[in-house]
Amino acid sequence: MNFQWYPGHMTKARRQMQEDIKLIDLVIELVDARIPVSSRNPDIDELGKNKYRLILMNKSDLADEAQTGKWSEFFRQQGFFVVALDARRKNGMKQITEAVMEACKEKIERDRKRGIKNRPVRAMVVGIPNVGKSTFINSYAGKAVAKTGNKPGVTKGKQWIRLNKDVELLDTPGILWPKFEDQTVGLRLALVGSMNDQILNVDELAISLIDCLKRDYPGVLTARYEVDEQEENVAILYGIAAKRMCVGKGGEIDYSKAAALLIDEFRSGALGRITLDRR
Ligand code: G4P
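A quick note: this is a predicted structure, and the numbers were derived from the prediction, not measured. (Residues numbered from 1 in each chain as written. Predicted model: local features only at pLDDT ≥ 70, side-chain atom pairs only at ≥ 80, totals over all residues. Heavy atoms only, no water.)

(A) Up close: the packing of aromatic side chains. Scanning the model with the defined rule gives six aromatic pairs in all. Judged by centre distance (5.2 Å) and plane angle (20°), the ring pair of phenylalanine 136 and tyrosine 140 falls under stacked. Of this pair, phenylalanine 136 and tyrosine 140 both sit in helix α6 (residues 133–141), four residues apart, which is roughly one turn of that helix. Residue phenylalanine 136 shares its accessibility class with tyrosine 140, and that shared class is buried. When the ring centre of tryptophan 160 is taken as reference, the NZ or CZ atom of arginine 122 above it lies at 3.9 Å. For the cation-ring pair, arginine 279 lies above tryptophan 71, with the distance from its terminal atom to the ring centre recorded as 5.6 Å. (Phe/Tyr/Trp six-rings, centres within 6.5 Å; stacked < 30°, edge-to-face > 60°. Helix = DSSP H or I, 4+ residues; strand = E, 2+ residues; numbered from the N terminus. Buried < 20%, exposed > 50% of the residue type's maximum accessible area, 1.4 Å probe, protein only. Lys NZ or Arg CZ within 6 Å of the ring centre and 35° of its normal.)

(B) Region of the structure containing the nonpolar core. Membership of the largest hydrophobic core comes to 73 residues, with the highest contact counts inside it found for Leu26, Ile28, Ile96 and Phe136. Counting nine residues, the second largest nonpolar core, distinct from the first, contains Ile55, Ala63, Trp71 and Phe80. (Core = buried A, V, L, I, M, F, W, Y, C linked by side-chain atoms within 4.5 Å.)

(C) Highlighting the side chain of asparagine 58. Within the secondary structure, asparagine 58 is located in strand β2 (residues 52–58). Of note is the side chain of asparagine 58, whose polar atom sits 2.8 Å from the backbone oxygen of valine 131. Those residues in contact with asparagine 58, other than ones at most four positions away along the chain, are Leu30, Val31, Asp32, Ala33, Leu85, Asp86, Ala87, Val131 and Gly132. (Polar contact = N/O pair within 3.5 Å; in protein donor to acceptor, adjacent residues only side chain to side chain. Contact = heavy atoms within 4.5 Å.)

(D) Layout of the pairing of strand β6 (residues 159–162). As defined by bridge partners, β6 adjoins strand β7 (residues 167–170) across three bridges and the pair is classed as antiparallel. Pairing of isoleucine 161 across the sheet is with leucine 169, part of β7. The hairpin turn running from β6 into β7, its antiparallel successor, is four residues long. (Pairing = 2+ DSSP bridges.)

Here it is in structure tokens:
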């Protein structure tokens, strides 16, 4: 499968991020909890190397809870602060502020010792496209959309959202591009919908999803589509098509329709909570 990116956009976004990162204390990095590794761009570790780091495992409502727990532990062991999140639920946000304060406690303490009061933590949200950055910013900022910034000489051109007395957020998120050398990472990004569907071969994607499900979530396909998981993947796709009446105009089985249906049901959570990157 051939995945394409647009180098012009990437270079510009990266340059912007290099500039923005100088202004902040904390990088809030969103990853997709269904693919916590495949949805990361490791360049952020270099770009944010002197900053405090918080990883939000977003879309955790769609991910396997046990796997989310294991991945959270894995990131914590690497020195990140971690919170599992459903960015659409606004009531999970208090926990984020607690994690932000915890992640930045050294700085807060240093300020206090120097007699500096009321200097909020400055944070920036980063992540690959579609991971939920805007949703999160909207939920987290809530009504606090009073923007500060454009203070002469200080933050020229930058807009900050003052969330409360302790935290300020840069109002534009930093876009990271997914990075993959191997096909599996590309396929997983595609499965969660982080790539333009038009450039993808849905049949191939569905077959790779069937592989993952058979291996890591045995019984799920049988329960939903009454297929025999011992069969070849193509036969399983045929079974799904037959069960869901995915047929073409002449009444023939339409594999691509069945493939699209399977992928949609995975993305919407109808197949249950599933994590593709395994820990
Ligand atoms: P981005 O800024 O990083 O590009 O992502 P954005 O916030 O636009 O979110 C991309 C999609 O992911 C949106 O769905 C959004 O509703 C959904 N989303 C964000 N966070 C979560 C989460 O924690 N859980 C789940 N299940 N979904 C989440 P969409 O299909 O583009 O729009 P809509 O269907 O919500 O209208």
